[in-house]
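Spelled out, the chains give:
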Amino acid sequence: MERIPILRMGEYLLVTIQVDMHDQLALTLQDDLTSMISKTGARGVLIDISSLEIVDSFIGRMIASIAGMARILDAQTVVVGMQPAVAITLVELGLSLSGVRTALNVDKGMKLLRALLDAPAGEDLDVRSTP
Amino acid sequence: MSVRRREVIQLRGDADVVRVRQTVRGVCTEEGFSLVDQTKMVTAASELARNTVVHGRGGVAVVEALEDGSKRGVRMTFEDEGPGIPDIDRAFQDGFTTGNGMGLGLGGSRRLVHEFQIQSTVGAGTRVVAVRWR
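Residues numbered from 1 in each chain as written. Chains lettered and ligands numbered in written order. Predicted model: local features only at pLDDT ≥ 70, side-chain atom pairs only at ≥ 80, totals over all residues. Heavy atoms only, no water.

A. Up close: the overall build of chain A. For chain A, the count of helices and strands is four helices and five strands. For chain A, the α and β elements follow one another from N to C terminus as β-β-α-β-α-β-α-β-α. In terms of C-alpha radius of gyration, chain A reaches 14 Å, essentially the compact-globule figure of 14 Å for 131 residues. Dimensions of chain A, computed from the C-alpha atoms along their principal axes, are close to 40 × 35 × 25 Å. Long-range pairs, those at least 24 residues apart, make up 71% of the contacts in chain A between residues at least 6 apart in sequence. For chain A, the distance from the average site of its 11 positive side-chain charges to the average site of its 16 negative ones is 6 Å. (Helix = DSSP H or I, 4+ residues; strand = E, 2+ residues; numbered from the N terminus. Rg over C-alpha atoms; globule rule 2.2 N^0.38 Å. Contact = heavy atoms within 4.5 Å. Lys, Arg positive; Asp, Glu negative; His and termini not counted. Charge placed at Lys NZ, Arg CZ, Asp CG, Glu CD.)

Set out below in C-alpha cells:
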C-alpha cells in the first residue's frame, strides 16, 4: 500500500508530503502518525507541505485532526512551508486551520517546536515572539 | 463563445479526484491563469469532484477551455446520477455536511470561481457548472 514516509529524529517526527495526495493516502498518514507518536513517545511533529499544490477541505481537515490527536497524545504539531497561493485559496475556501501552528519553513518550524517543548508545563507560548 | 479544448474524466474513486485536479491544472496553465487563480480552480475542482464521487456515487467531469472575444476562461462541469440534494440552500451553508468533510465543499468552491450553477433532482442526480475567467 502507498504510504508517506515518517522520519524519526530524536523526540521529533518529520513528514514531507511530496505527492498529490488522494483521500485514502491522507487518512493513512493520519493513522500512521498517531500510532508513531504513541509508539515512539515523540513530543513534536513537523509536517512540511511545501510541495503541496493545493490544500482542500479534506486535506485541511486531515491536518487539523493530526494536530488535535497529537495534542491529546502530548505532542505538538507544526505545519511548515505552505505556498502563498495555497494560503490565499484556503482562506477564501473558508478554512482557517485554527488550532494548527504554522511556520514559514522547516528551520523556523523546528525552532518553534523546540521552544514549545522547552516552555514550562501549562504555559502557552506566544508564537509571534519566536524569532 | 467557443470551446477551445475539452477533457472528459470519469469519476469513480479517490484516484480520479487527483486526475481531475491535474487536468484542471493543465488546462488553467495553458490558458495563462496566474498561480493563485490556478490554485483556486484546482481546489474548487477537488471539492466538486469529491462531492461527485462521495455523494453522487460517481459520475463524470468535463473540463473546457473557453474563449469569448478577448476573454479566456475554464469551465468545469460535474455530473452524477446519484441521490440528488434535497435542500440546496442548506448544502451551501458552511459547516453543513452529510459526509465526513468539513462542509465547505459547495459553499467554499462557489467562492473560488466567478460563475457557479447547480441543478439537482432528488433521485435523479446533480449537475454543477463552475467557470473562472482569466
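Here the narrative resumes.
B. Seen up close, the interface of chain B and chain A. At the interface, 22 residues of chain B touch 20 residues of chain A. A buried area of about 2,000 Å², summed over both sides, lies between chain B and chain A, and 56% of it is on carbon and sulfur atoms. At the surface where chain B touches chain A, the tally comes to six salt bridges. Across the salt bridge formed by B:R50 and A:D23, the nearest N and O atoms sit 2.5 Å from each other. Our count for the chain B to chain A interface comes out at eleven residue pairs in polar contact (both at pLDDT 80 or more). Taken together, the elements giving at least two residues each to the side of chain B that touches chain A come down to helix 1 (14–30), helix 2 (35–54) and helix 4 (105–111) of chain B. Ranked by residues supplied to the side of chain B that touches chain A, first place goes to helix 2 of chain B with nine residues. Classifying every residue of the side of chain B that touches chain A gives seven nonpolar, eight polar and seven charged. (Buried area = accessible area lost by both parts, 1.4 Å probe. Salt bridge = Lys/Arg side-chain N within 4 Å of Asp/Glu carboxyl O. Polar contact = N/O pair within 3.5 Å; in protein donor to acceptor, adjacent residues only side chain to side chain. Nonpolar A, V, L, I, M, F, W, Y, C, P; charged D, E, K, R; others polar.)

C. Examining the pattern of salt bridges more closely. Scanning the model with the defined rule gives 19 salt bridges over all chains in all. Residue B:R21 pairs with A:D20 through a salt bridge whose shortest N-O separation is 2.6 Å. On the criterion of chain membership, the pair formed by B:R21 in helix 1 and A:D20 in the loop between strand 2 (12–16) and helix 1 (23–40) is interchain, its members lying in two chains. Overall, A:D20 belongs to the partly exposed group, its relative accessible area being 32%. Where B:R5 meets B:E30, a salt bridge forms, and the shortest distance between an N and an O atom there is 2.8 Å. (Buried < 20%, exposed > 50% of the residue type's maximum accessible area, 1.4 Å probe, protein only.)

D. Quick peek at the side chain of A:T28. Counting through the fold element by element, A:T28 comes out in helix 1. Residues contacting A:T28, with those up to four places away along its chain left out, are A:M1 and A:R3.

E. Local environment of the pairing of strand 4 (residues 115–121) of chain B. Residue and element names in this part refer to chain B. Sheet topology places strand 4 next to strand 5 (residues 125–133); seven bridges connect them, and they run antiparallel. Residue pairing across strands places T121 opposite G125, the latter belonging to strand 5. Between the end of strand 4 and the start of strand 5, which pair antiparallel, lie three residues, with G123 showing a positive phi angle near 90 degrees. (Pairing = 2+ DSSP bridges.)

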